[in-house]
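Structural characterization, general
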Amino acid sequence: MTTAIYSGTFDPITNGHIDIAIRAARLFSELIVAVYEAPNKHPLFTIHERVEMAKKAVVNIPNVNVQPFAELTVDFARKLNAQVMVRGLRMSADFEMEFDMAMMNNKLNPKLELICLMANAEYQFLSSTLLKEAASLGGAINGFVPAHVADALRRKVNNEM
Ligand code: ADP
């Protein structure tokens, strides 16, 4: 039985993240979507909101669970007995950053193997950051996130939540 951890800020979870979770869930017995508290990044959504949105987004995938964490990812992975860490790679945005992080993580926990899944062509240019910017300017964001996330984003940028 292999447990994998898919960590991120998920501020908020997008269809690109969900696509990676669906594909990773097919490869491992259990996938934990680990939502990092990330106070240093000043997320738009609270940790509770991000976890709830992520839970709703993956509710139909039986071997996926969502959990918050506030420590080093490698330490949280150790606690969960996860053997694999999953990350999504977009064409230009992610490689260098992920490579650096992988080197560091490997030093911190050499037993944790990293698997990167290539982002789906449809979601290559989708990021939570761009999405938040589009939403704040009233853009149509429905194709990029599940309906409940689109609603939450609209409410959040209009100060209704
Ligand atoms: P972080 O703050 O750790 O980068 P994110 O929530 O932005 O957290 O991303 C979590 C993971 O999902 C990262 O591996 C990131 O590269 C990946 N990711 C982000 N957006 C997409 C996307 N559109 N398609 C596939 N993977 C993505």
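Details of the structure are given in the entry above.
Residues numbered from 1 in each chain as written. Predicted model: local features only at pLDDT ≥ 70, side-chain atom pairs only at ≥ 80, totals over all residues. Heavy atoms only, no water.

1. Comments concerning the layout of surface pockets
When its volume is computed, the largest pocket comes out at roughly 1000 Å³. Taken together, 37 residues form the lining of the largest pocket, with Gly8, Thr9, Lys41, Arg87 and Glu98 sitting closest to its centre. For the lining of the largest pocket, the secondary-structure elements that each account for two or more residues are β1 (3-8), α1 (15-27), α3 (73-79), β4 (84-89), α4 (95-108) and α5 (128-136). The leading source of residues in the lining of the largest pocket is α4, at 4 residues. Of the residues in the lining of the largest pocket, the class split is 15 nonpolar, 14 polar and 8 charged. In this structure, the second largest pocket occupies an estimated 150 Å³ of space. As for the second largest pocket, its lining consists of Met85, Arg87, Glu98, Met101, Ala102, Met103, Asn105, Asn106, Leu112, Glu113 and Leu114. (1 Å grid on protein atoms, 1.4 Å probe; cavity = no way out; pocket = protein on both sides within 12 Å on 5 of 7 lines; lining within 4 Å. Points joined across faces, edges and corners; volume = space filled by probe spheres on them. Helix = DSSP H or I, 4+ residues; strand = E, 2+ residues; numbered from the N terminus. Nonpolar A, V, L, I, M, F, W, Y, C, P; charged D, E, K, R; others polar.)

2. Focus on the packing of aromatic side chains
The tally for this structure, following the rule as stated, stands at 4 aromatic pairs. Centroid distance Tyr6 to Phe10: 5.3 Å. Interplanar angle 75 degrees. Geometry classified as edge-to-face. Comparing Tyr6 with Phe10 shows no difference in burial state: the two are buried. Note on Tyr36 and Phe69: the rings are 5.3 Å apart at their centroids and 40 degrees apart in plane angle, and the pair reads as tilted. Residue Tyr36 is located in strand β2 (residues 30-36), and its partner Phe69 is located in strand β3 (residues 64-69); the two are separated by 33 residues in the primary sequence. Note on Phe69: relative accessible area 5%, which makes it buried. Feature note: the residues Tyr36, Phe69 and Phe76 constitute an aromatic cluster, connected by ring pairs. (Phe/Tyr/Trp six-rings, centres within 6.5 Å; stacked < 30°, edge-to-face > 60°. Buried < 20%, exposed > 50% of the residue type's maximum accessible area, 1.4 Å probe, protein only.)

3. Some details on the site of the ligand
Around the ligand, 17 residues are found, and the nearest of them are Tyr6, Thr9, Lys41, Gly88 and Leu126. In the environment of the ligand, an oxygen atom lies 3.1 Å from a nitrogen or oxygen atom belonging to the side chain of Arg87. For the ligand, a nitrogen atom lies 2.9 Å from a polar atom in the backbone of Tyr123. Protein coverage of the free-state accessible area of the ligand, which is 550 Å², stands at 88%. The cavity that encloses the ligand is the largest pocket. Listing elements by their share of the shell around the ligand, those giving two or more residues are β1, α1 and β4. Considered class by class, the residues forming the shell around the ligand number 6 nonpolar, 6 polar and 5 charged. (Near = heavy atom within 4 Å. Polar contact = N/O pair within 3.5 Å; in protein donor to acceptor, adjacent residues only side chain to side chain. Areas by Shrake-Rupley, 256 points an atom, 1.4 Å probe, with all protein chains shown as cover. Sits in = over half its atoms within 2 Å of the grid points.)

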